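Structure assessment
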Amino acid sequence: MDPGTILLFFLIIVVILVLLVLASTVRIVQQGYTGVVTSFGKYKHDVPPGIAFIMPFVDRLVLVDMRETPRTGDRQEVITRDNVAVAVNATIFSQVVDARAALFSVSNYAIAIDQQARTTLRNAFGNVSLNDALSKREEINAGMQMQMETVTDKWGIRINRIEIVDITPPAQILQAMALQKQADQEKVARILQSEGQQTSAINIAEGQKQALIKTAEGDQQAAVLRAEGNRQAVILEAQGRAQAIQTVYGSIKAAAPDPTLVAILQLDTLSKFADSDNTKIVIPAESSALLGAAQALRSVLGDVPTIDTAAPSQT
């Protein structure tokens, strides 16, 4: 082999070694990650996102995901405080806040979070009844988050929130709950119906009361108007009689009647009494006046010539 070929082969080996050294020295840390540099297995320092330079063949760069990561656990059976077995599934949103603690405080923080979530989920549902588990999810989520943070803080991991995805009671419990819900709805419907009937009866009674009040007020006003009309009629009738009496009296007084005319009027009145259907006739106490009137009338009639005496004069 000639010297030129040997030199070319040597140069190729050198270039390959240089590229390997450069590849081991220059590393790129993506955004959202943090690099942890270890030297001979011992923690050295953290590397922010960007270009990182490490000692080749001595240092080692480990990337840690610092983003929030949702971890959905497997569905598991838990028992509530009232001894009801339910299937529960929850999602945990965790985030690494200390890359060094996440790498060196626990062997695998992802598995550790999953196992801790299972234990916390069982404890949380074991302290509540089935009704509370179905109606108080927010309180259960907050309690589980506090319990998990007491453990994960030393791992450099923060639990941002926990969401219970699904709670599935047994089929018998679901059927009983459906019947209970139906009974509650029927009870509420009956209560609302009775309240509606009560309100309707009250409104009807109030309307009848107002109608009676209005009728009474109308009758009162009508009675007042009738009384006022009767009073006016009596007053007008009395005034008419007074005017009639005054007119008759004025006419009689103006005619200046003599005793003979008065006697004739008295006898005419007595004749009207005699023609009535009454069985009793009241005779005035002043009978002497009536007799005097009759005597005066007879004297007047005596002065009138008879038919026999008047006949010769007509011949």
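Below you will find a few notes about this structure. Being a predicted model, the structure only gives us computed values, none of them experimental.

Rules behind the numbers
- Counting from 1, residues in each chain are numbered in the order their sequence is written.
- Local features are withheld for residues below a pLDDT of 70 in this predicted model, meaning they are given only at 70 or higher, and side-chain atom pairs are given and counted only at 80 or more; totals for whole chains, interfaces and linings count all residues.
- Working from all heavy atoms in the structure, the side-chain values ignore hydrogens and water.
- Throughout, nonpolar core names a set of buried Ala, Val, Leu, Ile, Met, Phe, Trp, Tyr and Cys residues whose side chains join them through atoms within 4.5 Å.
- Note on classification: 1.4 Å probe, protein chains only; a residue is buried when its accessible area is under 20% of the maximum for its type, exposed when over 50%, partly exposed between these limits.
- Helix and strand definitions follow DSSP, with helices as H or I runs of at least four residues and strands as E runs of at least two, each counted in order from the N terminus.
- Planes of paired rings set the category: under 30 degrees apart is stacked, over 60 is edge-to-face and the rest tilted, where pairs are Phe, Tyr or Trp rings (Trp by its six-membered ring) whose centres lie within 6.5 Å.
- In our convention, an over-ring charge means Lys NZ or Arg CZ found within 6 Å of a ring centre and within 35 degrees of that ring's normal.
- DSSP calls a pair of strands paired once it identifies at least 2 bridges connecting them.
- Orientation is described by lines fitted to C-alpha atoms, with helices fitted over the stretch in contact, and by angles between N-to-C directions that extend from 0 to 180 degrees.
- Residues enter patches when they are more than 30% accessible in relative terms and free of salt bridges; like-charged ones are connected within 9 Å and nonpolar ones (Val, Leu, Ile, Met, Phe, Trp, Tyr) within 5 Å.
- All accessible-area figures derive from a Shrake-Rupley calculation using a 1.4 Å probe, and residue coverage is judged against the displayed protein chains alone.
- Any Lys or Arg side-chain nitrogen located within 4 Å of an Asp or Glu carboxyl oxygen qualifies as a salt bridge.
- Note on contacts: a residue pair qualifies if any of its non-hydrogen atoms lie within 4.5 Å across the two residues.

**Focus on the nonpolar core**
If you look at the biggest cluster of nonpolar residues, it comprises 32 residues, and the most contacted ones within it are Y109, F125 and I140. At the level of secondary structure, the elements contributing two or more residues to this core comprise β8 (85–96), α2 (99–104), α3 (109–126), α4 (130–135), α5 (137–152) and β9 (157–168). Sort the elements by how many residues they give to this core and α3 lands first, with seven residues. Counting residues in each nonpolar core, the second largest holds six residues, with V29, V37, V47 and I54 among its members.

**Focus on the packing of aromatic side chains**
Aromatic ring pairs are defined here through the distance separating the ring centres and the angle between the ring planes. The full count for this structure, using the stated rule, is one aromatic pair. Between R161 and the ring centre of F93, over which it is positioned, the NZ or CZ distance is 3.8 Å.

**Some words on the sheet that holds strand β5 (residues 59–65)**
Within the open sheet, the three strands sit side by side as β3-β2-β5. Their pairing is antiparallel. Taken across any chain shown, the strands that pair with only one partner, and hence form the sheet edges, are β3 (42–47) and β5. Across the sheet, the mean angle separating the axes of adjacent strands is 30 degrees when strand polarity is ignored. Summarising the sheet, strand β2 (residues 33–39) and β3 pair through five bridges and their orientation is antiparallel. Of the residues in β3, the one forming a bridge with G35 is V47.

**Here we look at a nonpolar patch on the surface**
A contiguous nonpolar patch, built from L7, F10, L11, V14, V15, V18, L19 and L22 and spanning about 730 Å² of accessible area, is present on the exposed surface. Residue placement: L22 occurs in helix α1 (residues 3–25). With relative accessibility at 47%, the residue L22 sits in the partly exposed group.

**Brief notes about the environment of A133**
Inspection of the secondary structure puts A133 in helix α4. Taking the relative accessible area as the measure of exposure, A133 reaches 0% and is therefore buried. Excluding residues within four positions of it along the chain, A133 makes contact with F125, V128, I140 and I167.

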